[in-house]
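# Survey of secondary and tertiary structure
The chain contents come next:
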Amino acid sequence: MLKRDLTDAPIPSRRAFLGGAAAGAMLLAFRLDLKGARAAEASDTLSKAPAQPNAFVRIAADDTVTVMIKHLDMGQGNTTGLTTILADELDADWSQMRVAFAPADAKLYANLLMGPVQGTGGSTAIANSWFQLRKAGAAARAMLVAAAAEKWGVPAGEITVAKGVISHKSGKQARFGEFAEAAAAKPVPQEPRLKTPAEWTLIGGRVPRIDSAAKTDGTAIYSLDIRRPGQVTALVAHPPRFGATVKSVDAEAAQGMPGVVGIVTIPTGVAVIARDTWTAMKAREALKITWDDSAAETRSSDAILAEYRETAKTSGLVASQAGDADGAIKGSAKVLEAEFSFPYLAHAAMEPLNATIERAVDGSFDVYAGCQIQTIEQAVVAATLGVTTDRVRLHTQWAGGSFGRRATPGADYFAEAAAIVKAWDGKAPVHLVWTREDDMVAGYYRPQVHHTVKAGLNEKGQITGWRHTMVGKSIMIGSPFEAMLVKNGIDSTTVEGASDTPYALPAYRFEVHNAREGVPVLWWRSVGHTHTAHVMEVFIDELAHAAGSDPVAYRLSLLTRAPRLSGVLKLAAEQAGWGGKPSEKGRGLGVAVHESFGSYVAMVADVTAGESGVKVNRIVAAVDVGIAVNPDVVRAQVEGAVGFALSAVLRNRITLKDGVVQERNFDSYQPTRISEMPRVDVHIVPSEVAPTGIGEPGVPVLAPAIANAVFAATGQRLRSLPLDLSSLRGA
């Protein structure tokens, strides 16, 4: 699908961060719609993927089975899930299973929901691999059986396999390793028989996470752990304002420091290369750089938001509509209006960005990093270094979080590392390291967004019309993929979760304004759903109370055509004891339900709120992810989503003053503390539907559930995020 050779692409600049035609196919995954007919179409496409045991299974003579993992594991546990799928069809014993990250090879390891691109994102790892790995495991099992049948001179139908042991009724037995070589020579069955759910022994059960031991004893290697022979460290001085460029550099003081081996100017700033990280940091501080701010963003985030509020008063682009929303609202018995604002947010993964590039003797390159979109990262490094992609080998490492930050379509920090290698005449491997401050003040952010919404109710409290306007910077507009991924000016990453609401609204109009600003924006865990779910669920809650209706019952009346959403809502409410009276003053329950990335999540929050702030006591979640391959991993992901999102509910925001980011580290942008973490109860809906993802869908529902619980506890509506806790004084 590539229209040109990416090796002739220019070095990506700070502003043109979306680069490489391959990214276009990747970006489609983040917009994957798994509803209705498209779900059936996607499932049918995935089920037709050929069995490729040789690409995914390595059976060694010592009887270990290694699964080649084509996705990045950044803590979400997909290595365990993917291994479980294959091991079950293979009938392997869990103790013999191992994992290794696959090389960059889209022909073998493409994400089947992304097109010809190898990558991880959009909560697609399990969904796109479900049939592929089942077929690979089943094919490998059939090949082992065929090898054993030939060796033993018995019909293959008389051979059984269980827990890594191949057996015949005659008493003959063998481990996998004994027939691994002979099995590899057998033809690959393209349509091997897959197990029925009743035959599964691992899928849906409990197995230890395959990465737990290594991450506990320190043997798991992250890209920050990479140490190549003669390796040097590089840090980049980025401009303090987005869009600024280097005007002049006085590097005399830095160059004279012991251990400094190079200082080079690259498109994103000035890089200091030294023998160790500390020296590079001190040398960077010694640089005297004059920045050209003529094209930089110099406004404050408050000023930008004020412009959003004014823009929201005007007509925008229509994302979706039905009936005459304005006329219906005008003739209503009661009309409610509300505004919601959401700040910029940092991704704040625990492991800062980093990558190592090593030049081989033959002029090719090895890259060691937490590779999330391997096809793009390989192409960008190759383009920057002026070589073909086959001359760049990616070595994917464990990653300490991402939440979207590592998945930049222009592979920004890969490009930066490659630009340093190209500009510096040294031969040593270069390890680019971003400090926490670098990523906090010079990274990419969840867009700042403003919503206004108005709805009408009739005498029975039923919704008559819904008018909704969103203002925010588009992630896609202004990128090379605008023509392909933006339709009629509408970027689905801005309006998803609102304009496609499952609530039965008789008349509605959803509009969007695409703001223009210099702040670089990117998807943040669950993308547009991070704000749209909050607006929809808080405002629906307001309408329920205005109608004198129970919030759960009110939602159910609007979800008659959404049985899976109704299912998780009922389950969460039941398990939380919905409808009971609070046990103490200032305590309340709030509910929210939302679908994203093909998965359905409902949460009930139990909070205590008042002058001392908000304490989240308990979260009860119900999730429908289709077949839960690893229920423990599903629960862990929901628990992790609560921990990740809670700080954004209570306090996190990125603010700009004169265009400069004010939050620099975890002292001013605090993650959730263990003392704040509520009890989280997760209930999984039994299902026979093909699995979807859970890495992101737990995030959107937390904030509205908490906000609605605060209202139940205090009678005060806190609409915008983070919650304005100061307004609770006197509650």
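Residue numbering note: each chain is counted from 1, following its sequence as written. It should be noted that, the model being predicted, local features are given only for residues of pLDDT at least 70 and side-chain atom pairs only at 80 or more, the latter also being counted only at that level, while totals for whole chains, interfaces and linings use all residues. Side-chain measures here rest on the full set of heavy atoms in the structure, leaving out hydrogens and waters.

### Structural notes on the environment of Ala 360
Every helix listed is a DSSP run of H or I at least four residues long, and every strand listed is a run of E at least two residues long, numbered separately from the N terminus. One can find Ala 360 in the loop between β14 (354–359) and β15 (365–369). The spacing of Ala 360 and Leu 589 is 229 residues in sequence and 60 Å in space, taken between C-alpha atoms. We call two residues contacting when some pair of their heavy atoms lies within 4.5 Å. Excluding anything up to four places from it in sequence, Ala 360 contacts Asp 366 and Arg 393.

### A few points about the pattern of salt bridges
Between Lys or Arg on one side and Asp or Glu on the other, a salt bridge is scored when a side-chain nitrogen of the former is within 4 Å of a carboxyl oxygen of the latter. With the rule as written, the count across this model stands at 38 salt bridges. In this structure, the salt-bridge partner of Arg 209 is Asp 211, at a minimum N-O distance of 3.0 Å. Buried, partly exposed and exposed residues are distinguished by accessible area as a fraction of the type maximum, computed with a 1.4 Å probe on protein chains only: under 20%, between the cut-offs, and over 50%, respectively. By relative accessible area, which is 25% here, Arg 209 ends up partly exposed. The salt bridge partner of Asp 412 is Arg 405, with a shortest N-O separation of 2.9 Å.

### Focus: empty space enclosed by the protein
Put simply, the grid is 1 Å and covers the protein atoms alone, a cavity is a trapped set of points that fit a 1.4 Å probe, a pocket is an open set with protein on both sides within 12 Å along at least five of seven lines, and lining residues have an atom within 4 Å of a point. Grid points are joined across faces, edges and corners, and a volume is the space filled by probe spheres set on the points. Going through the model one piece at a time under the given rule, you end up with 10 cavities of 30 Å³ or more. When its volume is computed, the second largest cavity comes out at roughly 120 Å³. Elements with a contribution of two residues or more to the lining of the second largest cavity: α21 (631–650) and α22 (702–714). The biggest single contributor to the lining of the second largest cavity is α21, with three residues.

### Section: the environment of Ala 237
Along the chain, the position of Ala 237 falls in strand β7 (residues 232–237). Judged by its relative accessible area of 11%, Ala 237 is buried. Residue contacts for Ala 237: discarding those within four places in its chain leaves Thr 268, Gly 269, Val 270, Arg 284, Leu 287, Ile 289 and Trp 291.

### Here's the deal with the sheet that holds strand β3 (residues 97–101)
Ordered in space as β1-β2-β3, the three strands form an open sheet in which the pairing is mixed. On the outer flanks of this sheet lie β1 (57–59) and β3, each paired with one strand and no other. Strand-to-strand, the axes of this sheet are offset by a mean angle of 25°, without reference to chain direction. Note: β1 against strand β2 (residues 65–69), three bridges, orientation antiparallel. Paired with Arg 58 across the bridge in β2 is Thr 66. Should DSSP find at least two bridges between two strands, the strands are taken to pair. Axes here refer to lines fitted to C-alpha atoms; in helices the fit is confined to the stretch in contact. Angles between the N-to-C directions go from 0 to 180 degrees.

### Here's the deal with the nonpolar core
The term nonpolar core refers to a set of buried residues drawn from Ala, Val, Leu, Ile, Met, Phe, Trp, Tyr and Cys, joined through side-chain atoms within 4.5 Å. Membership of the largest hydrophobic core comes to 105 residues, with the highest contact counts inside it found for Trp 466, Met 603 and Ile 706. Top contributing element to this core by residue count: α21, with 10 residues. Ignoring anything within four residues of it in the chain, the contact list for Ile 706 reads Ala 605, Val 607, Val 614, Val 616, Leu 646, Val 649 and Leu 723. Within the second largest apolar cluster, 51 residues are counted, among which are Val 381, Ala 419, Val 521 and Phe 597.

### Here we look at the packing of helix α18 (residues 529–546) against helix α19 (residues 551–558)
Relative to each other, α18 and α19 sit at 110°, their axes nearing to 9 Å. It follows that α18 is roughly perpendicular to α19 by the angle criterion. Residues Glu 537, Ile 540, Asp 541, Leu 543, Ala 544 and His 545 of α18 form the contact with α19, whose own contacting residues are Pro 551, Tyr 554, Arg 555 and Leu 558. Amino acid classes used here: Ala, Val, Leu, Ile, Met, Phe, Trp, Tyr, Cys and Pro are nonpolar; Asp, Glu, Lys and Arg are charged; the rest, including Gly, are polar. Taken together, the residues of the contact of α18 with α19 break down into six nonpolar, one polar and three charged. Under this scheme an angle from 65 to 115 degrees is roughly perpendicular, one under 35 degrees roughly parallel, and one over 145 degrees roughly antiparallel; angles in between are oblique.

### What about the packing of aromatic side chains?
What counts as a ring pair is set by centres within 6.5 Å for rings of Phe, Tyr and Trp (its six-membered ring), and what kind of pair is set by the plane angle: stacked under 30 degrees, edge-to-face over 60, tilted for all other angles. On inspection of all chains with the given rule, the structure shows 10 aromatic pairs. Residues Phe 242 and Tyr 445 carry aromatic rings whose centres are separated by 5.7 Å and whose planes lie at 70° to one another, so their mutual orientation is edge-to-face. Placement of the pair is Phe 242 in the loop between β7 and β8 (245–250) and Tyr 445 in the loop between α15 (436–442) and β18 (449–457), with a sequence separation of 203 residues. By the burial criterion, Phe 242 is buried, and Tyr 445 matches it.

### Re the pairing of strand β17 (residues 430–433)
Alternating residues of β17 divide into Val 430 and Leu 432 and His 431 and Val 433, and every residue in both groups is buried. Where β7 meets β17, three bridges bridge the pair, whose relative direction is parallel. Across the sheet, Val 232 pairs through a bridge with Val 430, a residue of β17. Inspection of the sheet shows β14 paired to β17 by four bridges, in the antiparallel sense. Of the residues in β17, the one forming a bridge with Thr 356 is His 431.

### Thoughts on helix α11 (residues 301–311)
Every buried residue of α11 is listed here: Ser 301, Ile 304, Leu 305 and Tyr 308. Down the axis of α11, the buried set is contained in an arc of 100°. They therefore lie on one face. Contacts made by the buried residues of α11 are with β13 (334–342), β18, β19 (463–472) and β24 (656–657). The reported arc concerns the directions from the helix axis to the C-beta atoms and nothing else.

### Some details on unusual backbone geometry
Here the residue pair Leu 721 and Pro 722 is connected by a cis peptide bond, since its omega of -10° sits within 30 degrees of zero. Position of Pro 722 relative to the elements: it lies in the segment after α22. Unlike most non-glycine residues, Asn 488 shows phi in positive territory, near 55°. Its location among the elements puts Asn 488 in the loop between α16 (482–485) and α17 (492–495). On the basis of relative accessible area, Asn 488 is assigned to the exposed category, the value being 72%. At Val 527, a position not held by glycine, the phi torsion is positive, near 55°. As for its position among the elements, Val 527 is in the loop between β20 (508–514) and α18.

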